[in-house]
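Structure assessment
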Amino acid sequence: MISSLRAIGKTFHNECADMVEKMEGREFAYFMTEFFDRYYSKCMEYKLPVLKNISVPLDSRLMKLEESTSTCMPYVITITDPENKGKRFSVPINSSAHSLHKIKSNVMAGTVMMQIHNGKLQIGWSYKNIRKQPNTKTYIGVDTGIVDAFYTSDGKGIGTMSDVIQFYHEQVEPAFAELSKLRNKKRAIQHYVRYHQLPDDVRRSLIAKIDRLEHMICTMSAPYKKKRHYYNMLNHEIKQSISVYIKELTPDTMTVLEKLDIREFHKSRKTNGQFSMFARGKLQQRLMETLNWKGYDFMEVTPDFTSQVCPVCNHLDSANRNHKEFRCTCCGYTEDADYVGAVNIKKRATDIEIMELCEKYKYNHHLLQNSIKIVYADRFKTYRQVASL
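1. Things to note about the overall build of the chain
Looking only at helices and strands, one finds 12 helices and 14 strands in the chain. Against the globule reference of 21 Å for 389 residues, the chain gives a C-alpha radius of gyration of 34 Å, more extended than a compact globule. Taken along its principal axes, the extent of the C-alpha atoms in the chain is 95 × 90 × 35 Å. Relative to its full complement of 389 residues, the chain shows a buried share of 32%.

Shown next, in the form of structure tokens:
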């Protein structure tokens, strides 16, 4: 404060600086408290506005946002000094990988908002909805499953959901089944009491039994504890699997995923439980969120028949896959079923013919499946003609 007052150079400010310099710490604190009390009282008297957050819009004439070359921060914003025209000063800016990905993949608008909030300088910027072509050099297909959480087209299996799903079937489901039995028993007794003429002592005994069942239902905490433990196991396995996959990923790699849709699985309750669509959907959703946040590109493709078509001869047959084993009924190609699915998912990302069919029949899934079958039948026919030569 003293140096700032002397820098002004006026007689009054020099006298104030001398007075402040002679004050002791307690005296200075007392005057500062009195000053702020008077200031706030005058603000209330004249209803002066109090600015908690200061926002200043800056356009391209006053600032320039560019990559940093002399600091450890990824970007710097160069702002024109309003007091010294023609001179500029640079402020380093740090950001998350998600924001850096947005800056690189979008066209920034001509205005940014500079805001001072809680003593920190924050830069908010808008961008035009024009996407840049990602600099993709390689593709990698990822098949999400249960035995292997991720199986890549490079032949790597990452994580497993088997223990999590086994815990759900062996612990969570039986616990909630016991809870459901108590509720059904309570409803049965209530129905019996309501629609039957019973002696008073029998009625009172049954009502007391209903109260005991209700108390047991309300205080039964084991099913909910096991369910919470299941969610914790699931989240832990998802986090571990995604961390392993992201660690080996490069920025120029496009991750290709299958577009999961639970409505396509018209199966029984037991079969749906074995597929564990909730776990797979949560796993893939978290993977896409992490890829987006870390700044990696990804895309979704139609998953129809990716686990049933042979990657060698394009023979499409549901008998090709038997759980985790894939064996082509035509050429005899044998491999892990999840690996085959990942390879076909990767191929579909660059398959223009199937991509056009997906766009054409995106609102008619039945016609889409028939069209894909025709495409693979033609390719299989071509393969046999070439092989016979």
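Having put the structure on the table, let's press on.
2. Quick look at the pairing of strand β7 (residues 138-144)
Of all seven residues in β7, five are buried, a share of seventy percent or more. Bridge count for β7 against strand β10 (residues 253-258) is five bridges, and the pairing is parallel. Bridge pairing in β10 places Val-142 opposite Leu-257. Pairing analysis gives three bridges linking β7 to strand β8 (residues 150-152), with the strands arranged antiparallel. Paired with Thr-144 across the strands is Phe-150, a residue of β8. Following β7, the chain reverses through five residues before pairing antiparallel with β8.

The rules we used
Residues numbered from 1 in each chain as written. Predicted model: local features only at pLDDT ≥ 70, side-chain atom pairs only at ≥ 80, totals over all residues. Heavy atoms only, no water. Helix = DSSP H or I, 4+ residues; strand = E, 2+ residues; numbered from the N terminus. Rg over C-alpha atoms; globule rule 2.2 N^0.38 Å. Buried < 20%, exposed > 50% of the residue type's maximum accessible area, 1.4 Å probe, protein only. Pairing = 2+ DSSP bridges.

That's the geometry; what it means functionally is another story.
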